[in-house]
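Structural overview for review
So you can see what is in the structure, the chains are spelled out below.
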Amino acid sequence: MSRRVGLSTAAVVDAAIEVIDESGLEALTLAAVASRTGVAAPSLYKHVGSLGELRTLVGLRLLSEMTERFTAVVMGRSGAEAIAILMREYRAYVIEHPARYAAMPADPLRDAALAAAGTKLLNVFLAVLRGHGIEGPDAIHTTRCARAITHGFASIEASGGFGLPEDLDETYERLIQMFIASL
């Protein structure tokens, strides 16, 4: 196996995400990442201490990716418009990257290594809701509801679970409007 010059932790995480995108989280092994980066598996230990650490680094990258993407689409928007755009972008991310999304930690706020990144993502939702006049505990409940709607719909869609011919975009827009009306 030829040695890849300039291998870095970031490159190892990139390779791990490629493995996940192509074959799913269950395919993520140090051997698969080593093969993709052109090094022997022991060489990865210079960059990551274990598969668990690599999964954490992947989680950090994905949280950052989602935070940047969601922030970009809501900038300059407020109220119902911002909520709808955020929910649409969340769905789009899941549909574009279903395996990557499945690799996201379910509750990053409970993991010390992921909590800061998870808080940044949460803050995007809380800022959007502040623009709609929702703050404090109500904002947390509302964020949970938005996440449940978006995660549920997009996860079912990504797995091919909506087999009827009616337009999925129309169904999702109805969900968004029902959610906003409930606020």
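In this text the structure is predicted, and so the values were computed from the model without any measurement.

Parameters and conventions
- Residues numbered from 1 in each chain as written.
- Predicted model: local features only at pLDDT ≥ 70, side-chain atom pairs only at ≥ 80, totals over all residues.
- Heavy atoms only, no water.
- UniProt positions renumbered as here; feature names shortened; annotations may be inferred.
- Helix = DSSP H or I, 4+ residues; strand = E, 2+ residues; numbered from the N terminus.
- Expected span 1.5 Å × (residues − 1).
- Contact = heavy atoms within 4.5 Å.
- Polar contact = N/O pair within 3.5 Å; in protein donor to acceptor, adjacent residues only side chain to side chain.
- Axes fitted to C-alpha atoms, helices over the stretch in contact; angles between N-to-C directions.
- Parallel < 35°, antiparallel > 145°, perpendicular 65-115°, else oblique.
- Left-handed = near helix turned anticlockwise from the far one by under 90°.
- Nonpolar A, V, L, I, M, F, W, Y, C, P; charged D, E, K, R; others polar.
- Buried < 20%, exposed > 50% of the residue type's maximum accessible area, 1.4 Å probe, protein only.
- Phe/Tyr/Trp six-rings, centres within 6.5 Å; stacked < 30°, edge-to-face > 60°.

Per the UniProt record, the feature "domain: HTH tetR-type" (unreviewed entry) sits at residues 6-66. For residues 6-66, helix accounts for 64% and strand for 0%, while the C-alpha atoms at its two ends are 27 Å apart.

This next bit is on helix α3 (residues 51-74). A rise of 1.5 Å per residue sets the reference length of α3, with its 24 residues, at 34 Å; its end C-alpha atoms lie 35 Å apart and thus fit the reference within 8%. On the buried face of α3, the contacting elements are α1 (9-23), α2 (30-37), α4 (79-96), α5 (98-102) and α6 (115-130). Capping the start of α3 is the job of one residue whose side-chain oxygen sits 3.4 Å from the backbone nitrogen of Gly52: Ser50.

The axes of two packed helices give the description: the angle between them and the distance between them. Running from N to C, α3 and α4 cross one another at 140°; their axes reach a closest spacing of 9 Å. Compared by their axis directions, α3 and α4 come out oblique. As for how α3 packs across α4, the hand of that crossing is right-handed. Contact with α3, carried on its side by Leu62, Glu65, Met66, Arg69, Phe70, Val73 and Val74, involves Ala82, Ile85, Leu86, Glu89, Tyr90, Ala92, Tyr93 and Glu96 of α4 and no other residues of that element. Grouping the constituent residues of the contact of α3 with α4 by class yields 11 nonpolar, no polar and 4 charged.

Tracing the backbone shows Leu129 in helix α6. Judged by relative accessible area, which is 5%, Leu129 ranks as buried. Note: C-alpha distance between Leu129 and Thr143 (14 residues apart in sequence) is 8.2 Å.

Feature annotation in UniProt assigns "DNA-binding region" (unreviewed entry) to the following positions: residues 29-48. Helix makes up 40% of residues 29-48 and strand makes up 0%, while its end C-alpha atoms are separated by 12 Å.

The subject of this paragraph is the packing of aromatic side chains. Summed over the entire model, instances satisfying the criterion amount to 6 aromatic pairs. Both rings, one in Phe70 and one in Tyr90, keep their centres 5.5 Å apart while their planes meet at 35°; by these two values the pair is tilted. One end of the pair, Phe70, is in helix α3; the other, Tyr90, is in helix α4, and 20 residues separate them in sequence. On the accessibility criterion, Phe70 (0% relative accessible area) is buried. Relative to Phe125, the ring of Phe70 has its centre 6.3 Å away and its plane inclined at 85°; by these criteria the two rings are edge-to-face. Of this pair, Phe70 sits in helix α3 while Phe125 sits in helix α6, and the two are 55 residues apart along the sequence. For Phe125, a relative accessible area of 9% puts it in the buried group.

Turning to the packing of α4 against helix α7 (residues 136-158), a few remarks are in order. Orientation of α4 relative to α7, taken along the N-to-C sense of each, is 35°, at an axis distance of 9 Å. α4 and α7 meet at a crossing whose hand is right-handed. Contacts between α4 and α7 involve Met87, Tyr90, Arg91, Val94 and Ile95 on the former and, on the latter, Ala146, Arg147, Ile149, Thr150, His151, Phe153, Ala154, Ser155, Glu157 and Ala158. Here the contact of α4 with α7 is built from residues that sort into 9 nonpolar, 3 polar and 3 charged.

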